[in-house]
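Take a look at the letters that make up each chain.
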Amino acid sequence: MKKMVSVFMTAVLIAIPVTPAFALTNHDTVKEKAQELASKIMSDYGVSGLQYAIMDHGSIVLSDSAGVYDKATKSPITKDTMFGIGSVSKTYVSAATMILADSKKIDIDKPLTTYIKDFKMADERYKEITPRMLMNHSSGIYGSHYANSVLFDDNDAKNHDELLIKLQSEHLKSNPGEFSVYCNNGFQLLELLIERVSGLSYSEFLATYISKPLQLTSTKTQRDSFDRDRLTKTYFPGIDQSLPVENANLLGTGGIYSTAEELSKFAEVLIGNRTDILSEKSAKAMQSHEYRKGVWVSEETNTVNYGLGWDAVRLAPFSDYGITALYKGGDTLMYHAALTTLPEHDISIAVLSSGGSSLYNSMLASNVLLEYARAKGIIKEILPEKTFEAPLKVDMPSDLIAYTGLYGTVGKTVNLEIKNGEIDLPALGNGLLPPQKYVYTGNGQFKNNDGNVTLSFDQPKNGKTYLKLNAYINIPGLGQTVMVMYEYQKLDSNSLNQSTKTVWEDRNGKSYYALDEKITSGMYLTKALVAKNISVDINHGYASGTKIVDKNKAINVMSIPIMKGRDTFDLNFYNVNHAEHLVIDGQSYIREDAIHPIYDGNDSFCNIPSNGQAVWYKIDGKSANRVMNVETPVSGGFAVYDANGMVVNFSKVTNNHSVVLPEGGMIVFGGNKGDRFKINMKNK
């Protein structure tokens, strides 16, 4: 369910202690900087409410907010308003794991099977996986099981309960410990580990060993009983009203709610200041440079460098000042969070939002912390952002032509051609860098026209060849961030016989629609989240980045460290009553060709089958522009999408059971097995 990080105190500050409160009241620039950036995020980046807090030596020295709790009432965010913190939850489950290690109940370097006896996979290497590997993302597990995890007004534990069953049929994408790449499933397994060893539910463990001693009253999970009205409202484009409460039912991965003040208070545990909860030794262990234990990029300036539970233990730009900064970011569909702490200075900042992205929150956090460090005298001045010049193209050595060929990342393949010392590539850096041309500038490097992006080829000790990206990216109004990662992995061509080619060619460009996702799922807000489009590179033998094995199977071959190799998958096809289905991560999808147009007559029924799977319909010219009214069972619901995949109505959100059907769109009905929908069509 992600990212971005010690100079000693000056002689004056050591000799004359300055209290955090005194420091802040004499430096209003910190508050002004926070308000300026918060306003920018609110105005330009789709955020409805934002909350932030700084803790210095155990005291809250800044606590503020922007935006509204509720757009309808325009009531403000307060310090007690709660937000989902997404993957910042990983620091809690990691701390909980280390608490068990402190009490000698577990050894984080013993096999996970020591503590979860029924943990099994279809790959014998699973026996080598340890709790440490789960915390530093090096287990080799494919990545994430998102199905039925983010639900509206529904805290169903289906995802938690089925994880071990789903993993039984799965393989690993690398040897355990070979390299670190972001992996949500690892933290779900830590949640199970804590439950098995402690005998408590994970929520009970957090309440007993973290929230109670810290006196946290606003830090809760979906399993806890608390006033849901304390959660800030969330919104989605095209839907006027606020959404129901979002439950990320992946507690260890991303299922905690909190406030900025309480999150910054929890940081005291993570940096070793609450030894009654977590030992200083374990806090230090969490800050260790785990990422360097496996294959990694050579550059030290970066915003991703994993510790145990941390996205970064040497976060840029703080590393440019000689300051150690720790960082963890988090995103659910609706909530976004950032926690950054300077352990040697005992200063932490938490930024939470409804809407936006953890990237924006992390940039606010970094810029405000730098201003706070300057105001306190920890740094003399804030360094200017890096500037770049247009590159000077030089003659390229002929041996670099050998890097031309097929490359892949999770979900796709590309043909990378080096021609006349130039490379044309699609968007990179998670879409932050547009498609553009890169020219050879010497030293094995290619640069873009602005000079802020450098590409090179790397062949680390695992024998793979990677296209490496080193980019300084300016986010308008928020500042500059750096990103160094492997973007693509070089692949071998995979020849197919003609009969296999024919089958896969027929799948190229086809969409497959989710059947097993609960109708309460937030995934239905966007059709792209409940549909899989298959892109086949028939000449090289790949489909959506997976290597075709036979007519009905393609397997993952991506082994890319850091981020781009996360959430890998296999493709498995099968037929039910002559309708082709696809299985990914244990979830079934039905091919678009097997989906029928909805009945265009006045009255009809839709029944959820005995297997409880969703029912999809197309909207053709006969039913388009007609008004569809649905008598919906309490447990059921439906979503309607236009031809572009945008949601027109999602009844579980809007409680609206009447909609004008858009031509070329889709409809999905979901609920419990046996649920019956009565559908009435009429002209506008």
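Please refer to the structure placed before this passage.
Please read all numbers here as calculations on a predicted model, not as lab measurements.

The rules behind each value
Residues numbered from 1 in each chain as written. Predicted model: local features only at pLDDT ≥ 70, side-chain atom pairs only at ≥ 80, totals over all residues. Heavy atoms only, no water. Pairing = 2+ DSSP bridges. Helix = DSSP H or I, 4+ residues; strand = E, 2+ residues; numbered from the N terminus. Axes fitted to C-alpha atoms, helices over the stretch in contact; angles between N-to-C directions. Expected span 1.5 Å × (residues − 1). Buried < 20%, exposed > 50% of the residue type's maximum accessible area, 1.4 Å probe, protein only. Contact = heavy atoms within 4.5 Å. Core = buried A, V, L, I, M, F, W, Y, C linked by side-chain atoms within 4.5 Å. Salt bridge = Lys/Arg side-chain N within 4 Å of Asp/Glu carboxyl O. Arc of directions from axis to C-beta. Phe/Tyr/Trp six-rings, centres within 6.5 Å; stacked < 30°, edge-to-face > 60°.

Visitor: Could you give me a rundown of the sheet that holds strand E33 (residues 637-641), with the residues and numbers involved?
Guide: Here we have four strands laid out as an open sheet, ordered E31-E36-E33-E34, and antiparallel in their pairing. This sheet does not close on itself; its edge strands, each paired only once, are strand E31 (615-618) and strand E34 (647-650). Between one strand and the next, the sheet's axes are offset by a mean angle of 15 degrees, whatever the strand orientation. Bridge count between E33 and E34: three bridges; the pairing is antiparallel. Among the inter-strand pairings, Val640 is bridged to a residue of E34, identified as Asn649.

Visitor: Can you explain helix H7 (residues 185-198)? Please cite residues and give values.
Guide: Under the 1.5 Å per step criterion, the end-to-end length of H7 is 20 Å for 14 residues, consistent within 8% with the ideal 20 Å. Of all 14 residues making up H7, eleven are buried, and the element is well covered by its neighbours. Residues Asn185, Gly186, Phe187, Gln188, Leu189, Leu190, Glu191, Leu192, Leu193, Ile194 and Glu195 constitute the buried set of H7. Its buried side turned inward, H7 meets helix H4 (89-102), helix H5 (131-135), helix H6 (158-167), helix H8 (202-214) and helix H9 (251-254). Directly beyond the C-terminal end of H7, a positive phi value near 80 degrees is found at Gly199.

Visitor: Residues and numbers for the nonpolar core, please.
Guide: The biggest cluster of nonpolar side chains holds 156 residues, and the ones touching the most others in it are Phe119, Leu189 and Phe446. Ranked by residue count, the leading element in this core is helix H12 (residues 358-376), at eleven residues. In this view, Phe119 contacts Leu112, Thr113, Tyr126, Ile129, Leu164, Leu167 and Leu189; residues no more than four positions away in its chain are not counted. One finds Leu243, Leu496, Ala614 and Ala639 within the second-largest nonpolar core, a separate group that totals 40 residues.

Visitor: Account for the sheet that holds strand E30 (residues 603-607), with residues named and values stated.
Guide: Spatial strand order, E30-E37-E32-E35: four strands in an open sheet with antiparallel pairing. At either margin of the open sheet sits one strand with a lone partner, and together these are E30 and strand E35 (658-660). This sheet shows a mean twist of 25 degrees between the axes of neighbouring strands, independent of strand direction. Judged from the six bridges that link them, strand E32 (residues 626-631) and strand E37 (residues 676-683) form a sheet pairing that is antiparallel. Bridge pairing in E37 places Val630 opposite Ile679.

Visitor: Just give me the short version of the pattern of salt bridges, but keep the residues and values in it.
Guide: This structure, assessed with the given rule, holds 29 salt bridges. Ionic pairing is found between Lys564 and Glu487, a salt bridge with its closest N-O pair at 3.9 Å. Taken together, the residues span a long stretch of sequence, with Lys564 in the loop between strand E26 (553-555) and strand E27 (571-576) and Glu487 in strand E20 (residues 479-490) at a distance of 77 residues. Look at Glu487 and you get buried, because its relative accessible area is 2%. It is possible to trace a salt-bridge network through shared partners that takes in Asp506, Arg507, Lys510, Glu580, Arg591 and Asp593.

Visitor: With reference to specific residues and values, describe H6.
Guide: By the burial criterion, the buried members of H6 are Asn159, Leu163, Leu164, Lys166 and Leu167. Seen along its axis, H6 keeps its buried residues to an arc of 165 degrees; they face one direction. Counted as exposed and oriented over 90 degrees from the buried face of H6: Asp161 and Ile165. At its buried positions, H6 is contacted by H7 and strand E29 (587-591).

Visitor: Report on the packing of aromatic side chains, specifying residues and quantitative values.
Guide: By the definition in use, this model includes 23 aromatic pairs. Seen from their ring centres, Trp296 and Tyr306 are 5.6 Å apart, and the 75 degrees between their planes marks the pair as edge-to-face. Of this pair, Trp296 sits in the loop between helix H11 (280-286) and strand E9 (326-331) while Tyr306 is found in the loop between H11 and E9, placing the two residues ten residues apart along the sequence. Like Tyr306, Trp296 is buried. Judged by centre distance (5.3 Å) and plane angle (85 degrees), the rings of Trp504 and Phe573 are edge-to-face. Within this pair, whereas Trp504 is found in helix H13 (residues 498-505), its partner Phe573 is found in strand E27, the two being separated by 69 residues in sequence.

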